[in-house]
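Listed here are the chains, written in short residue letters.
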Amino acid sequence: MTASPTVPSSRTVTVAATQMACSWDRAANVDGVESLIREAAAKGAQIVLPQELFETPYFCKDQKQSLFELAAPVEGHPVIGRMQALARELSVVIPVSFFEKARNAYYNSMAMVDADGSLLGVYRKSHIPDGPGYQEKFYFSPGDSGIQVFKTRYATVGCAICWDQWFPETARVMALKGAEILLYPTAIGSEPQDSSIDSQGHWTRVMQGHAGANLMPLVASNRVGVEQGEGCALTFYGSSFIAGPQGEIVAQADRESRTVLTASFDLDRIAAQRASWGLFRDRRPELYGALLTLDGETTPRR
């Protein structure tokens with residue numbers, strides 16, 4: 001008698017991407033994120049991704065010493081505490097983006113809050129951009145947490161932050177560490193040095209590639225609205241989306257609206273597909289030494 005093939009088990013998880021505009025009314029911003037999370041949970045979402053640095057406008061448009069006062073330590077952080085209570089109430093996982101102060105260091109960080117309200121850990125943004133309108137190197141040190149994954153109640157997730165999404169190495173490391181879903185909170189929009197640049201399509205396609213190359217769902221949450229700085233204004237283009245394991249767009253928001261998107265994925269079936277496709281089986285890490293260099297040839301001195 002021939003044994004029948006094993007049928008993959010079913011473990012369906014519903015994820016949500018969100019987007020909204022932010023002002024200098026910090027309480028209203030946090031209220032707005034809570035409203036989005038409640039709306040997503042009412043639609044069945046179990047993992048809900050708010051956008052990057054949602055407590056305030058994207059303040060990195062300008063270099064201002066006074067804005068360091070926005071940072072706060074993880075311990076006792078009021079927004080993280082509020083999101084922990086909300087996660088516990090709704091039984092949802094919430095990655096919380098925040099401006100972290102750690103003694104004399106400052107980071108663009110994400111606190112992973114599990115569905116019981118517990119804090120699973122903190123990821124500090126690894127890649128820090130520096131360009132017109134996006135002057136993050138003035139505020140943030142490069143993250144020292146390493147690229148991480150978190151085993152939540154519903155799935156093992158990897159969460160990187162905005163500029164991290166342009167680096168395929170980040171997504172691959174999260175996948176190698178066991179991520180089942182990739183999450184990217186983001187703040188991206190216009191380029192003040194050249195109004196003809198519209199990176200929205202590029203931004204989307206790069207992350208679709210991460211989903212397809214690693215055969216796993218991906219959630220990206222951006223902000224919307226026009227934010228005026230002292231030296232320039234940025235128009236954030238929203239377009240938050242959820243991609244499936246072949247890189248396909250499952251749901252996408254427009255460029256201007258407050259939005260909640262949801263999609264459901266059977267993670268066990270996707271894991272079986274990932275195993276059978278062979279991308280991880282056929283990797284050749286011994287050939288990838290050039291990735292540890294800046295110029296593809298010379299190993300940096302330590």
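This one's a predicted model, so the numbers in the text were calculated from it and none came from an experiment.

Draft legend 1. Focus on the environment of Ile128. Positionally, Ile128 belongs in the loop between strand 5 (119–124) and strand 6 (130–131). Under the relative-accessibility criterion, Ile128 is labelled buried at 7%. Setting aside chain neighbours within four positions, we find Ile128 in contact with Glu136, Lys137, Phe140, Ser141, Pro142 and Trp163.

Draft legend 2. Region of interest: the sheet that holds strand 2 (residues 47–49). As summarised here, the arrangement of the three strands in space is 2-1-16, forming an open sheet in which the pairing is mixed. Across the chains shown, the open sheet's two edge strands, defined by having one partner strand only, are strand 2 and strand 16 (259–266). Between one strand and the next, the sheet's axes are offset by a mean angle of 20 degrees, whatever the strand orientation. Here strand 1 (residues 12–19) runs beside strand 2; their pairing, made up of three bridges, is parallel. Its bridge partner being in strand 2, Ala17 is matched across the sheet by Leu49. Here helix 1 (residues 26–42) sits on the sheet in contact with strand 1, strand 2 and strand 16, set at roughly 40 degrees to strand 16. Of the strands in this sheet, strand 1 and strand 16 are in contact with helix 5 (residues 267–277), which crosses strand 16 at around 65 degrees.

Draft legend 3. Region of the structure containing a nonpolar patch on the surface. A cluster of nonpolar side chains, Leu287, Tyr288 and Leu291, forms an exposed patch at the surface whose accessible area comes to about 310 Å². Locating Leu287 in the fold gives a position in the segment after helix 5.

Draft legend 4. Summary view of the pattern of salt bridges. For the coordinates displayed, the defined rule picks out 20 salt bridges. Here Arg26 makes a salt bridge to Glu55, at a shortest N to O gap of 2.9 Å. With a gap of 29 residues between them, Arg26 in helix 1 and Glu55 in the loop between strand 2 and helix 2 (78–90) connect regions that are remote in the sequence. Asp144 is the salt-bridge partner of Arg124, the closest N and O atoms lying 2.8 Å from each other.

Draft legend 5. A look at the packing of helix 3 (residues 168–176) against helix 4 (residues 200–214). As a packed pair, helix 3 and helix 4 sit with axes 10 Å apart at the nearest point and diverge in direction by 35 degrees. The element helix 3 and its partner helix 4 pack so that their crossing is right-handed. Listed contacts from helix 4 to Pro168, Ala171, Arg172 and Ala175 of helix 3 are His210, Ala213 and Asn214. Of the residues in the contact of helix 3 with helix 4, the class split is four nonpolar, two polar and one charged.

Draft legend 6. Summary view of the pairing of strand 13 (residues 233–237). Bridge analysis of strand 12 (residues 224–228) against strand 13 gives five bridges, and the strand direction is antiparallel. Following the sheet pairing, Gly225 is matched in strand 13 by Phe236. Once strand 12 ends, the chain turns through four residues before running back antiparallel as strand 13.

Draft legend 7. Highlighting the UniProt feature "domain: CN hydrolase" (unreviewed entry) in the protein chain. UniProt tags residues 13–267 as "domain: CN hydrolase" (unreviewed entry). Annotation note: span residues 13–267, helix share 22%, strand share 31%, distance between end C-alpha atoms 7 Å.

Draft legend 8. Summary view of the sheet that holds strand 5. The three strands are arranged 3-4-5 in an open sheet whose pairing can be described as antiparallel. Both outer strands of the open sheet, strand 3 (94–102) and strand 5, are each paired with one neighbouring strand and no more. Adjacent strand axes in the sheet meet at a mean angle of 30 degrees, parallel and antiparallel pairs treated alike. Here strand 4 (residues 105–113) runs beside strand 5; their pairing, made up of five bridges, is antiparallel. From the neighbouring strand, Ser109 faces strand 5, where its bridge partner is Arg124. The strands touched by helix 2 within the sheet are strand 3, strand 4 and strand 5, with strand 3 carrying the most contacts at an inclination of about 160 degrees.

Draft legend 9. How the structure looks around the packing of aromatic side chains. With the rule as written, the count across this model stands at 17 aromatic pairs. Ring geometry for Tyr58 versus Tyr134: centroids 5.6 Å apart, planes at 50 degrees, classification tilted. Here Tyr58 is found in the loop between strand 2 and helix 2, whereas its partner Tyr134 is found in strand 7 (residues 134–135), with 76 residues between them in sequence. Tyr134 gets classed as buried once you look at its relative accessible area, which sits at 9%. Seen in terms of ring centroids, Phe99 and Tyr106 are 5.9 Å apart; in terms of plane orientation they differ by 50 degrees. Their pairing is tilted. For the residue pair Phe99 and Tyr106, the accessibility class agrees, reading buried in each case. Here the aromatic cluster, defined as three or more aromatic residues joined through ring pairs, consists of Phe59, Phe68, Phe99, Tyr106, Phe138, Tyr139 and Phe140. Stacked on the ring of Tyr107, the Lys or Arg Arg124 has its end atom at 4.0 Å from the ring centre.

What counts as what
Residues numbered from 1 in each chain as written. Predicted model: local features only at pLDDT ≥ 70, side-chain atom pairs only at ≥ 80, totals over all residues. Heavy atoms only, no water. Helix = DSSP H or I, 4+ residues; strand = E, 2+ residues; numbered from the N terminus. Buried < 20%, exposed > 50% of the residue type's maximum accessible area, 1.4 Å probe, protein only. Contact = heavy atoms within 4.5 Å. Pairing = 2+ DSSP bridges. Axes fitted to C-alpha atoms, helices over the stretch in contact; angles between N-to-C directions. Patch = residues over 30% accessible without salt bridge, like charges linked within 9 Å, V, L, I, M, F, W, Y side chains within 5 Å. Areas by Shrake-Rupley, 256 points an atom, 1.4 Å probe, with all protein chains shown as cover. Salt bridge = Lys/Arg side-chain N within 4 Å of Asp/Glu carboxyl O. Left-handed = near helix turned anticlockwise from the far one by under 90°. Nonpolar A, V, L, I, M, F, W, Y, C, P; charged D, E, K, R; others polar. UniProt positions renumbered as here; feature names shortened; annotations may be inferred. Phe/Tyr/Trp six-rings, centres within 6.5 Å; stacked < 30°, edge-to-face > 60°. Lys NZ or Arg CZ within 6 Å of the ring centre and 35° of its normal.

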